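# Notes for the structure review
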Amino acid sequence: FEIAISIHDSIYNTDFALAIIPYTPNDPTKSASEIVNHVLQTIKKFSQDSEHFKLCKFLGASVTLGLLKE
């Protein structure tokens, strides 16, 4: 799966990350866990590395139709 994460302040995109996560078709729980872990690690890294994190908010999440069908 291709996972993209975008961090915004109230106006501008302040950071963006894109990654390919391996897909395990016979184990959707493993795939879901890998996606969750990647997103959480990326947000944690941003919050530790960014001096402006306190000005940013996590507004929402979305998935592609293909991922939703899996």
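### Quick look at the overall build of the protein
Each helix and strand counted, the protein has two helices and two strands in total. Written out in order from the N terminus, the α and β elements of the protein read β-β-α-α. Per-residue burial over the protein gives 17% buried out of 70 residues. Carbon and sulfur atoms form 58% of the exposed surface of the protein, whose accessible area is close to 5700 Å².

### A closer look at the environment of F16
Within the secondary structure, F16 sits in strand β2 (residues 13–20). The residues contacting F16, other than those within four sequence positions of it, are A4, I5 and S6.

### As for the nonpolar core
Judged by nonpolar contacts, I3, I5, I7, I21, I35 and F46 together constitute the single largest core of six residues. Mapped onto this core, the elements with two or more residues apiece are β1 (2–8) and α1 (28–49). If one sorts the elements of this core by residue count, β1 sits on top with three residues.

### Describing the pairing of β1
For a regular strand, the rule is simple: side chains alternate between the two faces of the sheet. Of the two faces of β1, only one is covered, namely that formed by I3, I5 and I7; the face formed by E2, A4, S6 and H8 stays uncovered. Across seven bridges, the pairing between β1 and β2 is antiparallel. Bridge pairing in β2 places E2 opposite I20.

### So, the confidence of the model for the protein
In the predicted model, the protein carries a mean pLDDT of 75, and the fraction of residues at 70 or more is 70%. At the level of individual helices and strands, the protein shows its lowest average pLDDT in helix α2 (residues 65–69), which scores 68, and its highest in α1, which scores 83.

### Some thoughts on the side chain of S31
Locating S31 in the fold gives a position in helix α1. Beyond its immediate chain neighbours, meaning those up to four positions away, S31 contacts F1, P22, Y23 and T24.

Cut-offs applied
- Residues numbered from 1 in each chain as written.
- Predicted model: local features only at pLDDT ≥ 70, side-chain atom pairs only at ≥ 80, totals over all residues.
- Heavy atoms only, no water.
- Helix = DSSP H or I, 4+ residues; strand = E, 2+ residues; numbered from the N terminus.
- Buried < 20%, exposed > 50% of the residue type's maximum accessible area, 1.4 Å probe, protein only.
- Areas by Shrake-Rupley, 256 points an atom, 1.4 Å probe, with all protein chains shown as cover.
- Contact = heavy atoms within 4.5 Å.
- Core = buried A, V, L, I, M, F, W, Y, C linked by side-chain atoms within 4.5 Å.
- Pairing = 2+ DSSP bridges.
- pLDDT = per-residue confidence, 0-100.

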